[in-house]
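Spelled out, the chains give:
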Amino acid sequence: MLNDDDVVSASPVPSLDKFHHTSPERTLFDLARAEPFSVALVAADAHLHETASTGRKVDALQVAGWRARMQARSRAHAGRPGVRAVRMLAQHADPRAESPLETISRLRFLQLGISVETQVSVPAPNGNRYFVDFYAPELGFWGECDGKSKYVGAAGDGHSTAELLYAEKRRHDWIAGTTNLRGIRWGVREVLTCDRFARHLKAHGVAVPGLPSPLLEPETRGFLEQLP
């Protein structure tokens, strides 16, 4: 059943204002209950990235409010199918994710029991900062997940694909050299399954536990273990 505040007409797309649709929070609630968790997590990350972050700054209070409201929805529907996924979504959605590939990669790390930091800054030449998608100094690596489109057909600013690749190679070498950590890259193909991602990481010398961390709450560990 929909509550009055679950149905809205305002839309960021003016042509859609005349249509009624479910609110973002209700939509995410429904996605978590009815669709694969990865789909709901990608949508939640994108929603928070759009509404609770500006550049690399995150509005922590806004994110906390969203988590509290989603948890309240889960309590109001306790015992119904899919509600555990809503609780997990409220806990693990992250506005710092900049792409669906980052979201799925973060989920795979959770499933495999590997602790990583996300969007970590590294000093760059000339006083600038580089940001790496994933950072795991205890395991000796940092990681970047890139889609093919980043390099192929993305040179719309006047730079050729070769120039983009060269610039990225220099960036990669600088980060690896200054952090004394090896850089690992992957794309969509490597994160399609946990097993495939585990093999990719092991091939680069990463110790992969293969199960969610025992430091997580039992409900979270059980939920992650059941995901494909």
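Look a little higher up for the structure.
Thresholds, definitions, all that
Residues numbered from 1 in each chain as written. Predicted model: local features only at pLDDT ≥ 70, side-chain atom pairs only at ≥ 80, totals over all residues. Heavy atoms only, no water. Salt bridge = Lys/Arg side-chain N within 4 Å of Asp/Glu carboxyl O. Helix = DSSP H or I, 4+ residues; strand = E, 2+ residues; numbered from the N terminus. Buried < 20%, exposed > 50% of the residue type's maximum accessible area, 1.4 Å probe, protein only. 1 Å grid on protein atoms, 1.4 Å probe; cavity = no way out; pocket = protein on both sides within 12 Å on 5 of 7 lines; lining within 4 Å. Points joined across faces, edges and corners; volume = space filled by probe spheres on them. Nonpolar A, V, L, I, M, F, W, Y, C, P; charged D, E, K, R; others polar. Core = buried A, V, L, I, M, F, W, Y, C linked by side-chain atoms within 4.5 Å. Phe/Tyr/Trp six-rings, centres within 6.5 Å; stacked < 30°, edge-to-face > 60°. Lys NZ or Arg CZ within 6 Å of the ring centre and 35° of its normal.

Draft legend 1. Local environment of the pattern of salt bridges. With the rule as written, the count across this model stands at eleven salt bridges. Salt-bridge contacts for Lys169 lead to Asp173; the nearest nitrogen and oxygen are separated by 2.6 Å. Of the two residues, Lys169 and Asp173 both sit in helix α6 (residues 161–179), four residues apart, roughly one turn of that helix. The class of Asp173 is partly exposed, set by a relative accessible area of 38%. A single salt-bridge network, built from bridges that share partners, covers Glu144, Asp146, Glu168, Arg171 and Arg185.

Draft legend 2. Structural context of empty space enclosed by the protein. The tally for this structure, following the rule as stated, stands at one cavity of 30 Å³ or more. By volume, the largest cavity is sized at about 40 Å³. As for the largest cavity, its lining consists of Asp94, Arg96, Ala97, Glu102, Thr103, Arg106, Thr118, Gln119 and Phe134. Looking at the lining of the largest cavity, the elements that each hand over two or more residues are α5 (100–112) and β5 (117–123). In terms of residue count, the dominant contributor to the lining of the largest cavity is α5 (three residues). Class assignment for the residues of the lining of the largest cavity results in two nonpolar, three polar and four charged.

Draft legend 3. Geometry of the nonpolar core. By size, the foremost hydrophobic cluster in this structure holds 20 residues, and its most contacted members are Phe37, Trp66, Met70 and Leu89. At the level of secondary structure, the elements contributing two or more residues to this core comprise α1 (24–34), α2 (37–51), α3 (60–76), α4 (83–92) and α8 (218–226). Formed by 18 residues, the second largest nonpolar core is a distinct cluster that contains Phe109, Ile114, Trp186 and Val191.

Draft legend 4. Structural detail: the packing of aromatic side chains. Under the defined criterion, the tally for this structure stands at seven aromatic pairs. Here a set of aromatic residues connected by ring pairs shows up, and it is made of Phe109, Phe134, Phe141, Trp186 and Phe197. Lying over the aromatic face of Phe131, Arg56 brings its terminal NZ or CZ to 3.8 Å of the ring centre. Directly above the ring of Tyr130 sits Arg171, whose terminal nitrogen or CZ lies 5.4 Å from the centroid.

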